[in-house]
Amino acid sequence: MQSALIACPECDLLQRPTALAEHTVARCSRCFALLYQPLDDDLDRPLAFTLAACILFVISNAFPIVGLEVQGQTTSATLFGTAQALAMQNMKLLSALVFFTTILVPAVQLSAMVYLLVPLRAGRVPRRLPLAVRVLQAIRPWGMIEVFILGLLVSLVKLGAMARVVPGIGLWSFGALLFAIAAAVASFDARVIWSRYDPSLPGTDDQNRSRSSHAAAPAP
Amino acid sequence: MRPHDLTAADAGLLSCLTCGLLSQPAGDDESNACPRCGTHLHMRKPGSLLKSWTFLVTAMILYLPANLLPIMETDQLLYGSHSDTIMSGIVSLWKAGSWLLAIIVFVASIVVPLLKMLSLLTILIAVHRGVSVHCYDLAKLYRLLEIVGRWSMLDIFVVAILVTLVQLQFVAAVTPGKGAAAFGAVVVLSMLATMSFDPRLIWDSAAHKKLHG
């Protein structure tokens, strides 16, 4: 009985999951929070995006993102160099914050995804699976690549008046990385992971595999 | 609220925020782990209101130096040195003709942090006083806060990039100001305040008010 119910993570209302039609999602009948999407068993797509993101991440960090040319002098900025420059100006905490949100969090995100997806794709369940999922959930709001890119745009406009701006290889790969990470995270449904982790336990969403009626109904 | 709204807590069940499984509590509130994924389970996030208040009030205090102190200082050979606060940076973008960017920075650095802190304040006060009719709106507001908060980091990244790039001997140099550190702290603290709040408390508070008036 209890296994058939789910609780809304944002308002705790008990509801009975029903099967979903394609391209629909189930939302809480009281607070409209997203409850679940149709179960997508495909691990190839998230894995492909994750591996692409890993390659782009390495390129983005290895090459300068942008350079500046004024009266024969040139300077350039790498991702790590940006965090480093703040540290050298005695802004250690701010430097740590930039390093954390643009390098460390994406790196941990990608490592956790590889750790989960590669073995699962091969039919094995990684030993620390719950920990990896918890880490992914906890750090997700702290990855700020897209904000950094907007910051880059603002800086370049500010500098455009006084100097020649030279876009680096890192800039293009960093832009692509933004989309690869977003696609990897979006195509990755944690419920698939739980259904493979311990299918013997109740509540692992077998009821969503048949596709008929719509949204979630409130529990009696 | 409809009369038949039954929550997991009402039914004495713990719901796991990591894997979504519902389970019966084994003992007292402190010793429960999710039978599927091992996450520590609590009926509600522990100390949610206290943590949220603490982070929020600290963020609000730091909001003043964040806006009043310079976020960066520019030394230019021809124009001398001048310092920029967040607002003066926006004004100079506007004057340079980049209206769209000026508006984006204004929204990300001034509007978002301010609205975010005021919204969370409204939600926290409402939960303490007992929510009556606006649960759905408050829940929607909270969901919005979770999404927009991170964009306030924009100005921090702008300062970081300018400090890195503009190190041209004899021509120009940019150094970060104390305001940048304060602003970074405001962004982080208000994100922590949002994360420590448990949105289920909004609905609990409404149910409690309905029962006890």
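Given the structure is predicted, the values throughout are model-derived calculations rather than measurements.

Turning next to the pairing of strand 5 (residues 66-70) of chain A. Residue and element names in this part refer to chain A. As paired elements, strand 5 and strand 6 (residues 73-77) share five bridges and run antiparallel to each other. Among the inter-strand pairings, Val 70 is bridged to a residue of strand 6, identified as Gln 73. Between the antiparallel neighbours strand 5 and strand 6 lie two residues, among them Gln 71 with a positive phi of about 45°. By the bridge criterion, four bridges tie strand 5 to strand 7 (residues 164-167) in an arrangement that is antiparallel. Along strand 7, the bridge assignment pairs Gly 67 with Val 166.

Quick look at the sheet that holds strand 5 of chain A now. Residue and element names in this part refer to chain A. Pairing within the open sheet is antiparallel, and its three strands lie in the order 6-5-7. The sheet terminates laterally at strand 6 and strand 7, the two strands that pair on one side only. For this sheet the average axis-to-axis angle between neighbouring strands, irrespective of direction, equals 20°.

Another point: the domain arrangement of chain A. Per the domain assignment, the segments of chain A are domain 1 (1-40 + 207-220) and domain 2 (41-188). Taking only C-alpha atoms into account, the centre of domain 1 of chain A sits 34 Å from that of domain 2 of chain A.

Residues and elements named next belong to chain A. On average, residues of chain A score 84 in pLDDT, and 88% of them are at 70 or above. Summarising per-element confidence for chain A, the mean pLDDT is lowest in strand 8 (residues 217-218) (50) and highest in helix 1 (residues 44-62) (95). Contacts of residues 202-217 to residues separated by more than four positions or lying in other chains number 45 contacts, the stretch itself having pLDDT below 50.

A common way to state how big an interface is: give the accessible area lost once the parts meet. Per the domain assignment, the segments of chain B are domain 1 (1-43) and domain 2 (47-212). Summarising the inter-unit geometry, the C-alpha centres of domain 1 of chain B and domain 2 of chain B are found 33 Å apart.

Bringing the sheet that holds strand 3 (residues 72-76) of chain B into the picture now. All names here are of chain B. Read across the sheet, four strands follow the order 4-3-6-5 without closing on themselves; strand pairing throughout is antiparallel. A strand with exactly one partner marks an edge of an open sheet, and here the two such strands are strand 4 (80-84) and strand 5 (167-168). Across five bridges, the pairing between strand 3 and strand 4 is antiparallel. Paired with Asp 75 across the strands is Ser 81, a residue of strand 4.

Thresholds, definitions, all that
- Residues numbered from 1 in each chain as written.
- Chains lettered and ligands numbered in written order.
- Predicted model: local features only at pLDDT ≥ 70, side-chain atom pairs only at ≥ 80, totals over all residues.
- Pairing = 2+ DSSP bridges.
- Helix = DSSP H or I, 4+ residues; strand = E, 2+ residues; numbered from the N terminus.
- Axes fitted to C-alpha atoms, helices over the stretch in contact; angles between N-to-C directions.
- Domains from an automatic or database assignment.
- pLDDT = per-residue confidence, 0-100.
- Contact = placed C-beta atoms within 7 Å.

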